[in-house]
Each structure stands twice: as C-alpha cells, then as structure tokens.
Amino acid sequence: YVSDIRCMVACTPTGWRPVAVYARRAAKPLVDELKDSTDSWSMLGTNLSVKNPDGSWTTESNRLLIMDRRDFNKLGIGLDDL
C-alpha cells in the first residue's frame with residue numbers, strides 16, 4: 001500500500017515541537033503490472049475524502065493510521081526510522 005506520513009509541528013520560544021504524527025493509506029494495494037484499465041488513483045491516492053453518488057462527501061477514516069503501535073506497525077516503520 002502507498003501511504004503518506006504527516007508530522008504536525010508547532011513553533012515555541014525554545015524551538016520546534018512535534019504535535020501529532022499520522023499517516024493516510026491508499027484504498028487498494030499496488031499491483032505488479034498496470035493495464036490500460038487500471039485505476040491508479042485507488043492505489044496512489046491517500047486523500048480520505050470520497051464523493052458519494054448523490055454528490056455529498058464522506059470520509060474513509062478506516063484508512064487513517066494514528067501514531068500508535070497497532071497502526072504504525074502496518075507501515076513497517078518505527079519511531080527510530082522517522
């Protein structure tokens with residue numbers, strides 16, 4: 001799966017401080033071979049917003065990975081790697 005990792009920081013009088021770390025995962029895993037009909041957005045896009053058939057929007061929060069042991073282990077990285 002493609003994921004993006006985000007780190008939110010704040011500036012304080014003593015320097016930059018981490019506020020939150022999270023990741024967003026694409027809806028589908030990467031395939032070995034692309035065909036002309038392959039939907040690459042489902043494999044590469046990490047935006048959690050999804051447009052419903054009626055034109056309204058929803059969020060696929062099940063693809064949001066919070067910085068805890070359970071979720072970040074799915075990425076295959078740890079705090080030391082960041």
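Predicted model, so just to flag it, every value in this text is computed and none were measured. (Residues numbered from 1 in each chain as written. Predicted model: local features only at pLDDT ≥ 70, side-chain atom pairs only at ≥ 80, totals over all residues. Heavy atoms only, no water.)

### So, the pairing of strand β2 (residues 15-25)
Piece 1. As paired elements, strand β1 (residues 3-12) and β2 share 10 bridges and run antiparallel to each other. Considered in β2, the bridge of T12 is made with G15.
Piece 2. In this antiparallel pair of consecutive strands, β1 and β2, the connection spans 2 residues.
Piece 3. Bridge count for β2 against strand β5 (residues 64-66) is 3 bridges, and the pairing is antiparallel. Residue pairing across strands places Y22 opposite I66, the latter belonging to β5. (Pairing = 2+ DSSP bridges. Helix = DSSP H or I, 4+ residues; strand = E, 2+ residues; numbered from the N terminus.)

### Concerning the environment of V2
Piece 1. Within the secondary structure, V2 is located in the segment before β1.
Piece 2. The exposure class assigned to V2 is partly exposed, which follows from its relative accessible area of 23%.
Piece 3. When neighbours within four sequence positions are excluded, V2 is seen to be in contact with R24, R25, A26, L30, M43, L44 and T46. (Buried < 20%, exposed > 50% of the residue type's maximum accessible area, 1.4 Å probe, protein only. Contact = heavy atoms within 4.5 Å.)

### Let's talk about the sheet that holds β1
Piece 1. Here we have 3 strands laid out as an open sheet, ordered β1-β2-β5, and antiparallel in their pairing. The sheet terminates laterally at β1 and β5, the two strands that pair on one side only. The mean inter-strand angle of the sheet, taken between neighbouring strand axes irrespective of direction, is 30°. (Axes fitted to C-alpha atoms, helices over the stretch in contact; angles between N-to-C directions.)

### Brief notes about the pattern of salt bridges
Piece 1. Counting across every chain of the model gives 3 salt bridges.
Piece 2. Of the charged contacts in the structure, one is a salt bridge between R6 and D4, with a shortest N-O distance of 3.4 Å.
Piece 3. The shortest N-O distance in the salt bridge between D4 and R24 comes to 2.8 Å. In this pair, D4 is assigned in strand β1 and R24 in strand β2, connecting sequence segments 20 residues apart.
Piece 4. Look at R24 and you get buried, because its relative accessible area is 16%.
Piece 5. The structure contains a network of salt bridges with shared partners spanning D4, R6 and R24. (Salt bridge = Lys/Arg side-chain N within 4 Å of Asp/Glu carboxyl O.)

### Description of the environment of R17
Piece 1. Positionally, R17 belongs in strand β2.
Piece 2. With a relative accessible area of 43%, R17 lands in the partly exposed category.
Piece 3. Not counting residues within four places of it along the chain, the set of residues in contact with R17 comprises M8, V9, A10 and T12.
Piece 4. At 3.0 Å, the side chain of R17 and the side chain of T14 are in polar contact. (Polar contact = N/O pair within 3.5 Å; in protein donor to acceptor, adjacent residues only side chain to side chain.)

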